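Coordinates in review
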Amino acid sequence: MDPPRPFRSPRPGPTVPMARGLRGLAAVSPRLPSPGPAQPRAVSSPFPALFRGLGLDERPLERPLGRGGAGDAKAVAVPGPVQRQKEEEKDKGAALAALPTRGQILWKGRGDALPTPPGRATPAVSTPCPPCPTPVPSPETPPAAARPAPGTKVVAKGVTVPVGLNFVKIHCQNEAVYQYHVTFSPEVECKAARFAMLKEQHAVTGDVMAFDGSILFLPIQIPKVTLKAQRSSDREEILINIQMTKILEPSSDLCIPFYNVVFRRVMKILNMSLVGRHFFEPAQATTLQKYSLHIWPGYAVSIRRKDGGLFLMVDAIHKIIRSESVLSVMQTIHSQSQRTFQDECTKQLVGSVVMTRYNNRTYRVDDIDWDKTPKDTFTLASGQEITFVEYYSKTHGITIRELDQPLLVHKPKEKQTPEGRRQLQMVLLVPELTFLTGLSDLRKNSRMLKEVMWEMIQSPQQHYQRLTGLLRRIRDTPDASQELQRWGLVLDTDIYRTQGHVLPVERINLRHRSFLPAEELGWHREVTKEVPIAVISINSWLLIYPKRLQHLAKDLLASMRSSCGPMGMQVGQPAVQELRDDRIETYVRAIQSSLGSQDKVQLLLCIIPGGRDDVYGAIKKLCCVQSPVPSQVINAQSLMGHPGKIRSVVQKVLLQLNCKLGGQLWGVDIPLKQLMVVGMDIHHSRSQGMRSVIGFVASMNHILTKWYSRVVFQMPHQEIADSLRLCLSQALKRFYELNHSLPMKIVVYRDGVSDPQLDTVLKYEVPQLQKSFHTFQNYQPSLVVVVVQKQLSTNFYCLTGEEFVSPPLGTVIDHGITSSGREDFFLLAHHSRQGCSVPTRYICMWNTANLSSEHLQRLTFKLCHLYWNWPGTVRVPAPCKYAHKLAFLVGQVLHHEPSAHLCEQLFFL
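**Concerning the confidence of the model for the chain**
With 79% of its residues at a pLDDT of 70 or more, the chain shows a mean pLDDT of 79. In this model residues 1-116 is a low-confidence stretch, pLDDT under 50, and it forms 291 contacts with partners more than four residues away in sequence or in other chains. Confidence drops under pLDDT 50 across residues 416-422; counting only partners more than four residues distant or on other chains, this segment forms six contacts.

**Considerations on the side chain of Asn166**
Structurally, Asn166 can be placed in the loop between strand E1 (160-165) and strand E2 (167-172). Using a relative accessible area of 0% as the deciding quantity, one classes Asn166 as buried. Engagement of the side chain of Asn166 in a polar contact is seen with the backbone oxygen of Val314, the distance being 2.9 Å. At a separation of 2.8 Å, a polar atom in the side chain of Asn166 contacts the main-chain amide nitrogen of Asn795. Setting aside its immediate chain neighbours within four residues, Asn166 contacts Leu312, Met313, Val314, Asp315, Leu467, Ser793, Thr794, Asn795 and Tyr797.

**Overview of helix H8 (residues 388-396)**
Buried residues of H8: Phe388, Tyr391 and Tyr392, and no others. Seen from one end, H8 has its buried residues packed into an arc of 90 degrees, which puts them on one side. Contact partners of the buried residues in H8: strand E16 (377-379), strand E17 (385-387), strand E18 (407-410) and strand E21 (427-429). One or two steps after H8, the chain reaches Gly397, where phi turns positive at roughly 65 degrees.

**Section: the nonpolar core**
A general trend in soluble globular proteins is that nonpolar side chains are found buried together. Counting residues in hydrophobic clusters, the biggest one holds 86 residues, and the most contacted among them are Trp541, Ile607, Leu654, Trp666, Tyr749, Tyr882 and Phe908. For this core, the element with the highest residue contribution is helix H20 (residues 878-894), accounting for 10 residues. The residues contacting Leu654, other than those within four sequence positions of it, are Met560, Ser563, Cys564, Met567, Met569 and Val571. Counting residues in each nonpolar core, the second largest holds 39 residues, with Ile170, Ile303, Val314 and Tyr797 among its members.

**Some words on the pairing of E2**
In terms of strand pairing, E2 meets strand E12 (residues 309-325) through four bridges, oriented antiparallel. Among the inter-strand pairings, Lys169 is bridged to a residue of E12, identified as Phe311.

**Quick look at the sheet that holds strand E30 (residues 631-635)**
Read from one edge of the open sheet, four strands run E28-E27-E29-E30, paired in parallel fashion. The outermost strands of the open sheet, each flanked by one partner alone, are strand E28 (575-579) and E30. Between one strand axis and the next, the sheet turns through 15 degrees on average, direction left out of account. Here helix H13 (residues 550-564) sits on the sheet and contacts strand E27 (541-546), E28, strand E29 (603-608) and E30; the angle it forms with E27, its principal contact strand, is near 150 degrees. In the packing of helix H16 (residues 643-660) onto the sheet, the strands contacted are E29 and E30, and the crossing angle to E30 comes to about 160 degrees.

Basis of the calculations
Per chain, the residues get numbers from 1 upward, laid out in the order the sequence is written. Where local features are concerned, this predicted model is filtered to residues with pLDDT of at least 70; where side-chain atom pairs are given and counted, the filter is 80 or more; whole-chain, interface and lining totals use all residues. To obtain the side-chain values, all non-hydrogen atoms of the structure were used and water was disregarded. pLDDT is a residue-level measure of predictor confidence that goes from 0 to 100. In this description, contact between two residues means that some pair of their heavy atoms is separated by no more than 4.5 Å. Each helix is a run of H or I in the DSSP string that is no shorter than four residues. Each strand is a run of E no shorter than two, and both are numbered from the N terminus. Relative accessibility decides the category of a residue: with a 1.4 Å probe and only protein chains considered, values under 20% of the type maximum give buried, values over 50% give exposed, and everything between is partly exposed. Counted as a polar contact is a pair of N or O atoms within 3.5 Å, where, for protein atoms, one must be capable of donating a hydrogen and the other of accepting one, and residues adjacent in sequence contribute only when both atoms are in side chains. Note that the arc is defined by the directions from the helix axis to the C-beta atoms. Nonpolar cores are built from buried Ala, Val, Leu, Ile, Met, Phe, Trp, Tyr and Cys residues. Side-chain atoms within 4.5 Å join them into one set. DSSP-based pairing: two strands are paired if at least 2 bridges between them are found. Comment: axis = line fitted to C-alpha atoms, over the contacting stretch for helices; angle = value between 0 and 180 degrees taken between N-to-C directions.

The structure is reproduced here in structure tokens:
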């Protein structure tokens, strides 16, 4: 990937720097429906000489600026509305028979327009929707007496398992929280002065309060009152008017923000340091001297309201801090590559997260300003001009030793000014005073990575002990427990425990046999000893490698021939191209000449030296964009070792090759007919100005083993997807060409959306998907949109004997800790070999397919078995995983849209 160019700042005015399976498809007419009407769219160091040599000393001082198989070919008439309804009811009955129902259907309806989910309470959106018609009772719709009361969820039946979670129940002892509006007469502009004057009125307000300058929260009720105070600056008398505006329930959403503020005070009472949004204990840090690393233990804590009440979420976490400063890293880069020093610094540092020890704040490095040094000045809020050297000396008592170092640039998110304008400030950081965090470039050192992970990984029992240890510290510290009791908050003495249910084990289907996988194990042995669903023979292919790796190429060919037989594959003799060196130009010329001389090449396989990401990128750009052909790039290091390891690697390579050529490895039973499953994910590049990439993957057959893929580029860091209408329309056209029918149920799994963006998905993305149906006449399929969230702090524990372990695969929690306003559930679909089990959260945003919560859970668990890069279950449904791999390859390596010739092959695996 090309390194981002150094940031060249303009010269605006001064800114203060901020310190901070049913088989077969229903056949319909083979005629493609005609498109509908068009729709609108001072200490000596090597650095002074170094930077002077770069020309950084000859400039005036400047002020600073401050981030498949085809379906049934039989033709029948296109179904009309009545016939389609009958067929849907028939399909629905078959699906219900195939999937044992544990829960009830909570809502139904078709809903044309957006943004209210069918049968759900209307969310607070700007455009109201007409109410959905009352559904007619049917065998799948429970009578009114049997339906759950509003605000409750049906608990699924089946095999249950006791599950503990890293949630602690909070009991509110106060009857209410009272909200008041506070005004000052005459007006007091200074917020600190407002705080001070109100605090003096504790005889009336009491000692317990939360005040933001105008809104006051108290645990007690007081009458409307006018109080007198004196401004300390000019001794002027100020009248303080306090009037009650609301009486809030203690567990109200409006109370949660300042409950979190209260708990932050509790953590500070326990002598924990706030870094970002989490608390750490530097005094308990583990030091790895030989790697210059410190590992800080800490906690992520937040108070949240769930359908089971108010909870404290606690997660035991760690933060990795480097002992050496960013300046030391830059010195190391200079000693290794003087000629490309600036480019290497930009490549290694931009996008990383650094921490300033003097205030324990973290920043993302967005650029490096080579034109500024600590000797430059900036303007304080008082208007005083001051250099960075003087500022850090006076404010923090820190002496900056290197005066010719450049400054790091951090660009905060846009902020709204009091005048209503948006401004983008910049924070300039001194490399000498900043330290890298995380494992960004440490991953290349496998030994270091293992030692670091050994210190950080915690078993479920260890995780549980840390959580209960924190609860015990709060309970045994009088000031901490009193801080909570002032607001009537009482924590349980143990974690929250509930009953989960375990989904049935899924049957894995190959061509000649089916089997149930062993518990917590994959099926690598079966897929490497049995014939997969569809096999593509490799007859015309190229093998390219440098001459010095000749022995590895021979071993690879021998191992491929010995391993392909049991897997039902035929691997012919390749056309071999031996390179004289391993330069990028040599690889590119050899590939271009070989592809040009061959009539039809099925596959290109290249062996490259270890650590050559540039060679990998060049090969992928050539084979995915310019001269489309399925390609496989093998790192030479993976072919080194004992024969057993090499055989295992080659077996995985053969499976990947079959996928990339259009083969199908394994499947599961899919009971729903006429179904299309879609996966979407977005990749955001860490490089400045690089566009975000949407990966879109859709199933093309009834057993969900053939896939169609597309990518769409959009603005940098834009999360909500554009152009979904085009993607789904093209996928539907291709589905019709292959199956001679259109899907009547479409289930979309949308990955990577946070809670604040959920309503935007509902109002913006769902209508795009619905408009794609207008491409075809009289086509109204049912649509389900599910948001997938995997970046969670939720952990599952299962008590076995006297010790906590990971729960079994397929464990579902769909009550208690789920959202009270949305239809969601937590599913643990994978096995964690180390550490705690982190589930994935699924939020159903739209459902016109009458899929019950139980059906959605079963379908999701099935899809977690279909990721062909791993013979086992994965955390998210396979289409999401495929979409992620596709978006990552395009956004990180290709930077261009892949050729349309590859859209039906999993070339991105």
